[in-house]
Each structure stands twice: as structure tokens, then as C-alpha cells.
Amino acid sequence: MELKVKDKESLLRRLMVAGGEPVSGQMLADEAGVSRTAVWKWVRELEEDGYTVRSVRKKGYVLEASPDRLSPALIRQHLKDDRFVKDIIHYESVGSTMPLAHREAQNGAPDGTVIVAEEQTEGRGRLARPWSSAAGKGIWMSVILKPDIPPHRAPQFTLIAAVAICLAIRETAEVEARIKWPNDLLVGRRKVTGILTELQADPDRVQAIIIGTGINVNQELDDFPAELADIATSVRIEAGQQVDRAALAAAVLTNLGKYSRLYIEEGFTPIKELWEKNSDTIGRKVNAVMMREKVTGTAIGITEDGVLEIRTEDGGIRGIYSADIEPAE
Amino acid sequence: MLKIQEIREIIKLIDQTGIEEFKYKTEEGEIKLKKGGAFQVVESAPAVQAPAVAAPAPAAPVAQPAPVAKEEPKQQEAAPAAVSQDENLLEVKSPMVGTFYQSPSPDAAPFVAVGDKVKPDSVVCIVEAMKLFNEIEAETSGEIAQILVEDGQLVEYGQPLFLVKPE
């Protein structure tokens, strides 16, 4: 990895990698080909951004604390595998990260481009339903994937995203999130994450898959609007403590890269196994509510395409492609 | 018997060639694919509304031998008449199995109605499966001549959704 210091961002990366050891101001200045005063100015700017940098006499600079931000540098610091993530584009406040990601994808942004915001003022879910996305509390992020596949292999990515985020929440915060078919993440019966997946495709080729994630991370109970109080939760509420958003975002991105690669290389079977193992739906009596009918029965599994199978009371098995799943008990 | 994935691949390959008809027969059943006018998966039964999906057991519904012969004439009848009557109409086909939505959300107006002019990049509908929303574009310039499926209906891979009278 290129670590030559040339600006504020690369200086930050350098201090992060030093892991608490002082880095000499003179050395940084020499490396960047600038004066020590210029390095000191970058440090001042980092402090204005919310970082705590201590100056140790005759030794250099030490990064002592980072702000609670989803900045590219902070997310990259936590990435266990940086093969997947390309650009991370970070906004303070946006309407929604989804249209921005669509535009980036159309303008040639590569596979692994990430759009992330501290706040969304018009966060949305499926069917243009609003999604509460308070400032600094969650991971409001859209990821661009550009796999070389036909469109009929794309719907499986909603289940891949669910597995990736479910396991990231477990790894990072030890909270037992489970997947409601096809891709909502619940803790108990409350929703901790919504995923919205959209496609840009030609009739025979996927151009881009945009995976939008609304992960409720550090909200406390009274941070949710009243109408969500009974149906929403956050990782923090479930873990009982503050969660590092950048670390969780990095785990999500690492897993998204890992499981989409697994799907492309080995097909859906390994994803199906992980999905079923972490499912909240399988084994439950559910109603599958569709536009034209409602099917009631026991969810018994998903197919090799991710289609939910429900055993109805007459003993038949119905394959569900599109439905809202609700508990029938 | 063939898996649904394999059948899809076969359909795709046949679609790219001049082959008009394809039969595959084993002890477990028979699959017959036929091109011409409307592109059809002949054996796919009335499952179009509510396809039973393969149980873990080997017998996939598409592989049941009996209905094949019986269903064929029905499917032929059900094929949109306009196709044979007017060779100039172009089909907009579904690129995947999923639910057909004619509008972006339940309360919104439909993307297109019969008589509407479309351009290649006009969105004509959404096909959704597993909450993946695929906005389907007309891919051609012309006028919507017929809408072949209903809002909320499950559509098959390759099923014609619209007929477009090209400009």
C-alpha cells in the first residue's frame, strides 16, 4: 500500500498505521517535500475535523482519538481485505445515497465504489417508503457492484447483502441479527437494517447492482420517531454500548466483497447455506402477502435461486418470489 | 432432470440461434421449447400465476411429463394473437422471473399505457424478485400497442410483457 505522505488524508493514514507510536514531524516534512510548518498545518486541520493529535516533544505526532465518522480513512483503517473497496465517497448530508450511486455507476465508477453519508434527509426504502436516517447514528451507504452476469442472476444479491451485513453485525458487535426473507435484518422482531437493491441492466447483461443499506447503529430508544418505536432497533440498543460505525462499515464492505465473489465463483449454494443458518423466517408460520393474494404456511427453506418455499396447510409447496413476510401466529 | 438454471441457459442459447424447436426427454420427463412469434416455454403450465417451486425432492414442476402434450395447444391459444397478425410488432420481454409492476409504487400512475410513445430508454415497467427491482426499458422507439400481463402478475424468464409498434 502506498503510504507516502502528500496531504492531510495521507498524513492521517500514516498516523493511524503507526498505531500509537510517535511519527517525527521532520520525517513527514521530508517525505512530503514540504516544511515542518506545512505538516503542522495539516495536523491542525485534522484536529478541526475532530481528531485528537498529541505532539510529543522531540519525538513527533501521535494520533490519540478519532471522531465518530464514516470518513474514507477511518473505514479503510478497519478493512480486513482491501481487494473489493475502490473509491469511498463520503458526504456530510445528502437526500439519499441511492441516486448518487446510480449516477456514479452510469458515469463509469468501478465495481466496489462506495457512497456513504453521515445523514440522509430523504432516506427511502422499497416502494419509495421513507427510511429514518438520523445524522451520525447509522450507516447510510450505497455500494456499486458490477458483476459480469445476466440479469436473472442478480436478485440473489439481495440475499448476499443480507448475509454480509448480518455476519458483520455479529462479528463487530456480537449482536444476534437474523434475516427475514429475503433481506431484512431483525433482532428479535425489530428491524435493525433495511436493504434496498436496485439494478441497471441491459436485457442480457447487468451494468450495475446498487446495494443500499440503512443500518441502525448508534440510535438510542428515543432517537427513533414515535411510529417506529415498536418496530425498529439499533445495534447499540441490542449490544448495550456504543458501536464503532467505521469498523462496522468496514466489516460490511469486506463481507460484501467476500460473498459476492463466492457467489460469482461457486454459485448460490454456499450463500444459501449461510442464509438459511442465519434466517429468522425458516421454520416459522408466516403470511406471504402479495399484491394479488396471501399465502399462509410454514417457511421451509429457500431454493437454489433464493426463492422462499412455504408449505401450505394442504401440504403443497409454494415458491414465493415477491412478498412481504409477516408472522402468522 | 434439468435444473431451472440449466433450462434458462438452454433458452438463452437457443434464443441466440436459428433453432426453432428444442426437445429434451428422459425417463423423468420431457421439456419442449419452441420459438416463433411469441417466445414460449411450452411446458411451463398455468404455473405462470403461482409457480410451485421445486421441492427438495428431485421432481421439479417443469419436469412433470404428463401436462406437456395437453398444455401445448392451450399455450398456443393463449399466445397473443397480435403477434401473428402483425409481424411488425416488437416484444419487450422479461429478463428474469419475477413480479410485474406497471407503476413505481402502488399509488403512482403506470409507467406507460397503450398508445404511449416510448424511446429505447423509456422505463415501461418493473420486474421484481427477492426485492431486487429491475426497471425494464423499451429498448426501441415506437408506440405501446398492447400490454400482455397484469399488474402484480408473476412473469417467466423471456415472457413477452409488451408489444411495441416500432417507428
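Residues numbered from 1 in each chain as written. Chains lettered and ligands numbered in written order. Predicted model: local features only at pLDDT ≥ 70, side-chain atom pairs only at ≥ 80, totals over all residues. Heavy atoms only, no water.

For chain B, an unreviewed UniProt entry supplies the name Biotin carboxyl carrier protein of acetyl-CoA carboxylase and the organism Bhargavaea ginsengi. The UniProt entry for chain B carries this comment under Function (unreviewed entry): "This protein is a component of the acetyl coenzyme A carboxylase complex; first, biotin carboxylase catalyzes the carboxylation of the carrier protein and then the transcarboxylase transfers the carboxyl group to form malonyl-CoA." A UniProt comment under Pathway (unreviewed entry) is attached to chain B, and it reads "Lipid metabolism; fatty acid biosynthesis." (UniProt positions renumbered as here; feature names shortened; annotations may be inferred.)

As annotated in an unreviewed UniProt entry, chain A carries the name Bifunctional ligase/repressor BirA and comes from Bhargavaea ginsengi. In its Catalytic activity (unreviewed entry) section, the UniProt record describing chain A reads: "biotin + L-lysyl-[protein] + ATP = N(6)-biotinyl-L-lysyl-[protein] + AMP + diphosphate + H(+)". Here chain A is described in UniProt, under the heading Function (unreviewed entry), as follows: "Acts both as a biotin--[acetyl-CoA-carboxylase] ligase and a repressor."

Enquirer: How would you sum up the nonpolar core? Please name residues and give values.
Expert: If you look at the biggest cluster of nonpolar residues, it comprises 116 residues, and the most contacted ones within it are Ile-75, Ile-169, Ile-209 and Leu-248 of chain A together with Val-124 and Phe-162 of chain B. Broken down by element, this core gets its largest block of residues, 13 residues, from helix α6 (residues 156-173) of chain A. With 12 residues, the next largest nonpolar core counts Val-94, Leu-100, Ala-208 and Ile-210 of chain A among its residues. (Core = buried A, V, L, I, M, F, W, Y, C linked by side-chain atoms within 4.5 Å. Buried < 20%, exposed > 50% of the residue type's maximum accessible area, 1.4 Å probe, protein only. Helix = DSSP H or I, 4+ residues; strand = E, 2+ residues; numbered from the N terminus.)

Enquirer: Any chance you could break down the pattern of salt bridges for me, citing the residues and the numbers?
Expert: Residue and element names in this part refer to chain A. What the rule picks out here adds up to 23 salt bridges over all chains. In this structure, Lys-180 engages Asp-184 in a salt bridge whose closest nitrogen and oxygen atoms are separated by 3.9 Å. On the basis of relative accessible area, Asp-184 is assigned to the buried category, the value being 16%. Overlapping salt bridges, with partners in common, bring together Asp-68, Glu-118 and Arg-245 in one network. (Salt bridge = Lys/Arg side-chain N within 4 Å of Asp/Glu carboxyl O.)

Enquirer: Give a description of the domain arrangement of chain B that names residues and reports values.
Expert: Interface size is commonly expressed as the accessible surface area that is lost when the partners come together. Partitioning chain B into domains gives domain 1 (4-34) and domain 2 (90-166). Look at where the C-alpha atoms of domain 1 of chain B and domain 2 of chain B centre, and you get two points 25 Å apart. (Domains from an automatic or database assignment.)

Enquirer: Can you lay out the UniProt feature "binding site: biotin" (unreviewed entry) in chain A for me, pointing to particular residues and giving the numbers?
Expert: Residues and elements named next belong to chain A. Within the UniProt annotation, "binding site: biotin" (unreviewed entry) is assigned to Gln-120, Arg-124, Gly-125, Arg-126 and Lys-191. Looking at where Gly-125 falls in the secondary structure, it is placed in the loop between β4 (113-120) and β5 (138-145). Setting aside chain neighbours within four positions, we find Gly-125 in contact with Pro-130, Trp-131 and Leu-196. In this fold, Lys-191 is placed in strand β8 (residues 190-201). Exposure remark for Lys-191: the relative accessible area of 26% places this residue in the partly exposed category. In contact with Lys-191, not counting residues within four places along its chain, are Trp-131, Asp-184, Leu-185, Leu-186, Asn-216, Ile-231, Ala-232 and Thr-233. (Contact = heavy atoms within 4.5 Å.)

Enquirer: Break down the interface of chain B and chain A for me, citing the residues and quoting the values.
Expert: Taken together, the 34 residues of chain B in the interface contact 35 residues of chain A. Across the salt bridge formed by Glu-150 of chain B and Arg-292 of chain A, the nearest N and O atoms sit 2.9 Å from each other. Inspection of the region where chain B meets chain A yields 10 residue pairs in polar contact (both at pLDDT 80 or more). Mapped by element, the contributors of at least two residues to the side of chain B that touches chain A are α1 (4-15), β5 (98-101), β7 (123-129) and β8 (132-137) of chain B. Ranked by residues supplied to the side of chain B that touches chain A, first place goes to α1 of chain B with 5 residues. Taken together, the residues of the side of chain B that touches chain A sort by class into 20 nonpolar, 6 polar and 8 charged. Alignment of β8 of chain A against β8 of chain B, held across 3 bridges, turns out to be parallel. When the sheet's bridge partners are listed, Glu-198 of chain A is paired in β8 of chain B with Phe-133 of chain B. (Polar contact = N/O pair within 3.5 Å; in protein donor to acceptor, adjacent residues only side chain to side chain. Nonpolar A, V, L, I, M, F, W, Y, C, P; charged D, E, K, R; others polar. Pairing = 2+ DSSP bridges.)

Enquirer: Go over the packing of helix α8 (residues 245-266) of chain A against helix α9 (residues 269-277) of chain A, please, and point to the residues and values.
Expert: All names here are of chain A. At a closest axis distance of 8 Å, the pairing of α8 and α9 adopts a crossing angle of 135 degrees. Between α8 and α9, the crossing angle belongs to the class labelled oblique. Together, Tyr-259, Leu-262, Tyr-263 and Glu-266 of α8 and Pro-270, Ile-271 and Leu-274 of α9 make up the contact between the two elements. Of the residues assigned to the contact of α8 with α9, the class counts are 6 nonpolar, no polar and 1 charged. (Axes fitted to C-alpha atoms, helices over the stretch in contact; angles between N-to-C directions. Parallel < 35°, antiparallel > 145°, perpendicular 65-115°, else oblique.)

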